[in-house]
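Analysis of the macromolecular model
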Amino acid sequence: MNKSLKLYSLVALTLMVGIFVGVGCADDVVVTGDDPTTTNTNTYLSRSLITATHIVNTTRCPQELDEVAVTTTDLPEGKPDSVVVTLNHGSLDAFFPTSGERTIIPSAHLESEQVRVFFSCASQENVDGQLTFSFFVGGKVVATETVSVKVTVN
């Protein structure tokens, strides 16, 4: 066997060992998931971000941005008595279609509810807002979740 073939074999063997060792080390990577007992983990919401573009005098007002599915079962403290949405920007609006309000008392047979999110067109500047969902059990807030809403206004 000549020297270049030996060198090639040694390099190939070294690479193969390195790949197997690298794959074996991947088990050491720690992946953390959402802990439903902590706040702001989006465990109970179908999304954590809504982005949209609004073109002044072209896009319909109010502009429906999206819907967010809200899980209303399986909280550690039990099924929520109610879920309340609060908004931190005057150009955003949200409501549960079943109640027509920002508050829902979950039905016993439903596992999730939809909340519809709108841009009210009250601002002609970009919106960087947030919806906060508060989950109540026994009159106490047991979890909060947030959805960021970013609307680019042109």
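Parameters at a glance
- The written sequence of each chain sets the order in which its residues are numbered from 1.
- Local features in this predicted model are restricted to residues of pLDDT 70 or higher, and side-chain atom pairs are both shown and tallied only at a pLDDT of 80 or more, whereas totals for entire chains, interfaces and linings draw on every residue.
- The side-chain figures draw on all heavy atoms in the structure; neither hydrogens nor water molecules are used.
- Strands here are runs of E lasting at least two residues and helices are runs of H or I lasting at least four, both read from the DSSP assignment and numbered beginning at the N terminus.
- To sort residues, take the accessible area from a 1.4 Å probe on protein chains only and compare it with the maximum for the residue type: under 20% means buried, over 50% means exposed, and anything in between is partly exposed.
- Note on areas: these come from Shrake-Rupley sampling with a 1.4 Å probe, and a residue is covered only by the protein chains present in the view.
- Residue contacts are defined here by distance: any two heavy atoms, one from each residue, within 4.5 Å place the two residues in contact.
- Disulfides are defined as cysteine sulfur pairs within 2.5 Å.
- Stacked, tilted and edge-to-face are the three classes applied to pairs of Phe, Tyr and Trp rings, where Trp contributes its six-membered ring and a pair requires centres within 6.5 Å; stacked means planes under 30 degrees apart, edge-to-face means over 60, and tilted covers the rest.
- When DSSP finds at least two bridges between two strands, those strands are taken to pair.

Across its full length, the protein chain carries one helix and eight strands. Each helix and strand of the protein chain, placed in order from N terminus to C terminus, yields the pattern α-β-β-β-β-β-β-β-β. Put simply, the protein chain has 154 residues, and 30% of those count as buried. When the accessible surface of the protein chain is totalled, it reaches about 9,500 Å², and 54% of it is carbon and sulfur.

The next subject is the side chain of H54. Looking at the element boundaries, H54 is found in strand β1 (residues 49–54). Relative accessible area serves as the criterion here: at 3%, H54 is assigned to the buried category. With residues near it in sequence (within four places) discarded, H54 still touches T59, R60, C61, Q63, F119, C121, V151, T152, V153 and N154.

With that settled, the discussion passes to the state of the cysteines. Per the counting criterion, the structure on display carries one disulfide. Covalent S-S linkage joins C61 and C121, the inter-sulfur distance amounting to 2.0 Å. Its S-S torsion of approximately -100° makes the covalent link between C61 and C121 left-handed. Here C121 lies in the loop between β6 (112–119) and β7 (127–137) and C61 lies in the loop between β1 and β2 (63–71), a separation of 60 residues in the sequence.

This next bit is on the packing of aromatic side chains. How two aromatic rings sit relative to each other is given by the distance of their centres and the angle of their planes. Within the structure shown, the criterion is met by two aromatic pairs. Relative to F135, the ring of Y44 lies with its centre 5.2 Å away and its plane at 55°, an arrangement referred to as tilted. Placement of Y44 in the loop between α1 (3–25) and β1 and of F135 in strand β7 is noted, with a sequence separation of 91 residues between them. Side by side, Y44 and F135 carry an identical accessibility label, which is buried. Relative to F118, the ring of F95 has its centre 5.5 Å away and its plane inclined at 5°; by these criteria the two rings are stacked. One end of the pair, F95, is in strand β4 (residues 92–95); the other, F118, is in strand β6, and 23 residues separate them in sequence. F95 sits in the partly exposed class, given a relative accessible area of 24%.

Judged by pairing direction, the sheet is mixed, and its five strands sit side by side in the order β1-β8-β7-β3-β5 without closing on themselves. Whereas interior strands pair on both sides, the edge strands pair on one side only; in this sheet they are β1 and β5 (103–104). Pairing of β7 with strand β8 (residues 140–153) involves 11 bridges; the strand directions are antiparallel. Directly across from L131, in β8, lies its bridge partner V147.

Turning our eyes to something else, we now look at unusual backbone geometry. Of all residues except glycine, most have a negative phi; of all peptide bonds, most are trans. Of note, the bond from C61 into P62 is cis; its omega dihedral lies within 30 degrees of zero at -15°. Its place among the elements puts P62 in the loop between β1 and β2. Unusually for a residue other than glycine, N57 sits at a positive phi of about 65°. By secondary structure assignment, the location of N57 is in the loop between β1 and β2. A residue is classified by how much of its surface remains accessible, and N57, at 79% relative accessible area, is exposed. With phi around 70°, C121 is a residue other than glycine that occupies positive phi space.

Right, let's talk about the pairing of β6 for a bit. The pairing of β2 with β6 spans eight bridges and is antiparallel. Considered in β6, the bridge of Q63 is made with F119. Across four bridges, the pairing between β4 and β6 is antiparallel. Looking across to β6, one finds that L92 is bridged to F119.

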